[in-house]
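Analysis of the macromolecular model
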Amino acid sequence: ALHEFPNDIFTNEDRRHGAVVLHVLCAVYMFYALAIVCDDFFVPSLEKICERLHLSEDVAGATFMAAGSSAPELFTSVIGVFITKGDVGVGTIVGSAVFNILCIIGVCGLFAGQVVALSSWSLLRDSIYYTLSVVALIVFIYDERVSWWESLVLVLMYVIYIIIMKYNSTIHHCFERKTKNSANMVNGLASNTEMDDNSNCDATVVLLKKGNFHRKASVIMVDELLSAYPHQLSFSEAGLRIMITSHFPPKTRLSMASRMLINERQRLINSRTYTNGESEVAIKIPVKHVVENGTGPGNSAERGVNGGRRDEDVAEAGNETENEDNENNENDEEEEEDDDDDDHEGPYTPFDLPSGKIEILKWVFTWPLSFVLYFTVPNCNKPHLEKWFMVTFASSTLWIAAFSYMMVWMVTIIGYTLGIPDVIMGITFLAAGTSVPDCMASLIVARQGMGDMAVSNSIGSNVFDILIGLGLPWALQTLAVNYGSYIRLNSRGLIYSVGLLLASVFVTVFGVHMNKWKLDKKLGCVCLSLYGIFLCFSIMTEFNVFTFVNLPMCRDH
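Residues numbered from 1 in each chain as written. Predicted model: local features only at pLDDT ≥ 70, side-chain atom pairs only at ≥ 80, totals over all residues. Heavy atoms only, no water.

This part is about the overall build of the protein chain. Each helix and strand in the protein chain was counted, giving 22 helices and four strands. Here the protein chain holds 557 residues, and the buried ones make up 48% of them. Long-range contacts, defined here as pairs at least 24 residues apart, represent 78% of the contacts in the protein chain between residues at least 6 apart. Carbon and sulfur atoms form 63% of the exposed surface of the protein chain, whose accessible area is close to 27300 Å². (Helix = DSSP H or I, 4+ residues; strand = E, 2+ residues; numbered from the N terminus. Buried < 20%, exposed > 50% of the residue type's maximum accessible area, 1.4 Å probe, protein only. Contact = heavy atoms within 4.5 Å. Areas by Shrake-Rupley, 256 points an atom, 1.4 Å probe, with all protein chains shown as cover.)

This is the structure:
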């Protein structure tokens with residue numbers, strides 16, 4: 001693969017005497033560059049495209065969002081097929097898939113700071129389809145070559161996955177109905193007692209579970225929640241909890257979360273006075289919002305009850321509510337001012353020096369990057385550049401391709417210098433580097449208590465990696481570029497690695513089931529230990545420890 005890239009300015013002897021460190025630093029910088037382009041430019045442009053196409057959240061997540069978080073793996077695979085003609089792309093995607101499942105779930109379990117509840121449906125849905133994808137991959141690469149129809153099957157499997165996601169809520173209702181019916185057959189008609197038993201459970205978790213499957217307009221979800229959980233949520237509570245789900249931008253979610261904390265604290269203080277168990281501190285909801293909720297599906301009697309309860313809450317709260325709202329508004333204004341001053345959320349601009357020593361160090365470190373991106377990629381998050389979102393999409397795609405090329409080039413040189421096969425560099429170094437953005441995103445949502453979103457993000461992006469990340473470049477090569485040709489895989493050890501990938505899914509699902517569908521530190525430690533075992537086994541297999549899978553690497557004399 002080394003000879004498919006331009007000649008390096010250093011000789012192999014120079015690299016062996018220390019110049020390889022420069023290549024390592026360059027590769028790490030490319031990882032960071034990819035993370036910045038994906039998070040600050042590529043993903044926002046995809047969100048704008050989804051808005052313009054009026055895509056529902058699940059279809060957008062399965063298509064454009066998965067493409068956003070897995071763009072580095074996809075371009076690495078494209079480079080592996082068309083440029084290096086080796087296994088670096090396959091190795092990266094296999095390694096990244098195991099990293100996504102074991103390492104991301106392990107990190108979320110260890111650092112979430114709380115025990116996160118998981119729902120069985122989302123984990124089973126994603127893991128079953130993911131298992132089918134991995135089985136198809138094993139069957140196709142077993143003879144070490146991939147034909148045009150095999151690559152086409154992988155792409156078509158992804159189309160089926162999108163269709164499943166489109167009708168996710170319908171399928172989930174059928175699944176829930178069947179499981180409830182079977183439970184009722186055993187336990188008798190226990191639906192009412194079940195509701196009463198669960199009345200003390202965390203309403204936020206209930207809402208997030210509902211929010212993940214009811215992929216409709218957010219205003220309708222309030223009515224659905226109130227009718228489904230009449231003893232758990234008041235109108236104001238449902239509204240607040242709706243606004244911390246992914247339907248809303250991060251700033252709104254943060255603001256609503258802080259209000260929820262204030263309300264909960266107030267409820268605990270007043271719990272001796274009030275005995276009805278509902279929150280006394282209601283928030284002021286605009287009339288327009290109430291009217292919109294009134295238009296949602298449901299009978300007029302239910303809406304009347306909900307409206308009456310809301311009026312009672314507002315009347316109960318009295319002056320306390322107004323004071324609370326004033327304080328909240330002041331806090332929100334202060335937060336906005338802070339955000340305007342620091343502007344940490346967006347990318348750094350090359351001409352505005354941030355405040356704080358650490359921020360200045362980051363700004364200096366990323367200055368060459370931010371300077372180039374400032375003039376070549378419009379930031380469609382800014383209102384005056386919002387209409388340029390297609391230009392952002394196209395230019396950020398080109399930059400991701402360029403950074404991925406540089407990254408694979410550097411990693412190929414490092415592997416050649418140290419005598420490490422391409423597949424091992426893909427499974428370890430490249431896989432971890434390209435999956436760091438996914439890991440950070442999953443950890444952030446896990447710390448907010450949204451375990452399903454964290455796990456679905458890690459498994460869902462794996463489905464994209466295997467079916468599109470491998471299937472699309474293979475299909476282009478065997479159908480468009482050279483019709484009827486075969487993709488040849490050099491490493492026999494990849495089959496063992498993909499087999500371990502399959503085992504990692506079973507072990508993870510079994511571990512979560514044994515842990516009573518909870519994500520905690522114990523499960524996190526087990527997952528991270530399993531990731532270490534996978535790396536050791538894969539590396540030893542590629543170095544022909546167990547059986548002969550790789551020819552020795554050629555050397556320049």
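Moving on from the model shown.
Attention now moves to helix α22 (residues 521–542). Under the 1.5 Å per step criterion, the end-to-end length of α22 is 32 Å for 22 residues, consistent within 8% with the ideal 32 Å. Of the positions making up α22, those classed as buried are Leu 523, Gly 524, Cys 527, Tyr 531, Phe 534, Leu 535, Ser 538, Thr 541 and Glu 542. One face of α22 carries all of its buried residues, which in axial projection span an arc of 135°. Looking at α22, the residues exposed on the side facing more than 90 degrees away from the buried face are Lys 521, Lys 522 and Ile 533. Trailing α22 by a residue or two, Asn 544 shows a phi angle of about 60°, which is positive. (Expected span 1.5 Å × (residues − 1). Arc of directions from axis to C-beta.)

Another aspect to go through is the packing of helix α1 (residues 12–53) against helix α18 (residues 389–418). Contact geometry of α1 with α18 gives a least axis separation of 7 Å together with a crossing angle of 160°. Between α1 and α18, the crossing angle belongs to the class labelled roughly antiparallel. As α1 runs across α18, the sense of the crossing is left-handed. By residue class, the composition of the contact of α1 with α18 is 27 nonpolar, eight polar and four charged. (Axes fitted to C-alpha atoms, helices over the stretch in contact; angles between N-to-C directions. Parallel < 35°, antiparallel > 145°, perpendicular 65-115°, else oblique. Left-handed = near helix turned anticlockwise from the far one by under 90°. Nonpolar A, V, L, I, M, F, W, Y, C, P; charged D, E, K, R; others polar.)

Counting 68 residues, the largest nonpolar core has Tyr 130 and Trp 474 as its most contacted members. Contributions of two or more residues to this core are made by α3 (71–82), α4 (88–111), α5 (120–141), α6 (148–166), α19 (422–447), α20 (451–481), α21 (493–514) and α22. Counting residues per element, this core draws most heavily on α4, which supplies 13 residues. Contacts of Trp 474, omitting those with residues within four sequence positions, involve Val 81, Val 90, Leu 137, Ile 141, Val 146, Ser 151, Leu 154, Ile 487 and Leu 489. In terms of nonpolar packing, the next biggest core, distinct from the first, is built from 33 residues, Phe 5, Met 30, Leu 369 and Met 407 among them. (Core = buried A, V, L, I, M, F, W, Y, C linked by side-chain atoms within 4.5 Å.)

A separate point is the packing of α1 against helix α17 (residues 367–376). At a minimum axis separation of 11 Å, α1 and α17 run at an interaxial angle of 40°. On the basis of the axis angle, α1 is oblique to α17. In the crossing of α1 with α17, the sense of the turn from one axis to the other is right-handed. Listed contacts from α17 to Tyr 29, Ala 33, Ile 36, Val 37 and Phe 41 of α1 are Pro 368, Leu 369 and Leu 373. Taken together, the residues of the contact of α1 with α17 sort by class into eight nonpolar, no polar and no charged.

We now examine a nonpolar patch on the surface. On the surface, Trp 148, Trp 149, Leu 152, Leu 156, Val 159, Ile 163, Tyr 167, Ile 171 and Tyr 483 cluster together into a nonpolar patch covering about 910 Å² of accessible area. At six residues, the largest contribution of residues to the nonpolar patch is made by α6. Its location among the elements puts Tyr 483 in the loop between α20 and β3 (487–488). (Patch = residues over 30% accessible without salt bridge, like charges linked within 9 Å, V, L, I, M, F, W, Y side chains within 5 Å. Salt bridge = Lys/Arg side-chain N within 4 Å of Asp/Glu carboxyl O.)

The next point concerns the pattern of salt bridges. Opposite charge on two side chains lets them pair, provided their charged atoms get close. By the definition in use, this model includes two salt bridges. Among the ionic pairs, Arg 15 bridges to Asp 8, the shortest N-O distance being 2.9 Å. Residue Arg 15 is classed as buried on the basis of its relative accessible area, which comes to 4%. The partly exposed category is assigned to Asp 8, whose relative accessible area is 23%. When the shortest N-O distance is used, the salt bridge between Arg 125 and Asp 126 registers 3.1 Å. With respect to class, Arg 125 is no different from Asp 126; both count as buried.

Here we come to α1. For α1, built from 42 residues, the straight-helix expectation of 62 Å at 1.5 Å per residue is missed by more than 12%, its first-to-last C-alpha distance being only 51 Å. Along α1, the largest kink reaches about 85° and is centred on Gly 18. The positive-phi residue at the C-terminal boundary of α1 is His 54, with phi of around 55°. (Bend = angle between axes of the 7 residues up to and from the residue.)

Moving on, we get to unusual backbone geometry. Keep in mind that most residues, glycine aside, have a negative phi and that most peptide bonds are trans. Its identity is not glycine, yet Glu 144 carries a phi of approximately 65°, on the positive side. Of note, Glu 144 is situated in the loop between α5 and β2 (145–146).

We now examine the side chain of Arg 15. Summarising the element assignment, Arg 15 is placed in helix α1. Ignoring any residue separated from it by four or fewer positions in sequence, one finds Arg 15 in contact with Leu 2, Asp 8, Phe 10, Val 20, His 23, Ile 413, Tyr 416 and Thr 417.

For any pair of aromatic rings, geometry is given as the distance between the ring centres together with the angle between the planes. Taken as a whole and assessed by the stated rule, the structure comprises 20 aromatic pairs. Consider the rings of Tyr 405 and Trp 409, whose centres lie 6.4 Å apart with planes at 55°: the pair is tilted. One end of the pair is Tyr 405 and the other is Trp 409, both in helix α18 and four residues apart, which spans about a single turn. Taken together, Phe 351, Trp 367, Phe 371, Tyr 374 and Phe 375 form an aromatic cluster joined through their ring pairs. When the ring centre of Tyr 486 is taken as reference, the NZ or CZ atom of Arg 145 above it lies at 4.0 Å. (Phe/Tyr/Trp six-rings, centres within 6.5 Å; stacked < 30°, edge-to-face > 60°. Lys NZ or Arg CZ within 6 Å of the ring centre and 35° of its normal.)

Right, let's talk about the confidence of the model for the protein chain for a bit. Here the protein chain averages 74 in pLDDT, and 72% of its residues register 70 or above. The secondary structure element of the protein chain with the lowest average pLDDT is helix α13 (residues 287–294), at 39, and the one with the highest is α6, at 90. Ignoring residues within four places in sequence, the model shows residues 332–344, a span with pLDDT below 50, making eight contacts including any to other chains. (pLDDT = per-residue confidence, 0-100.)

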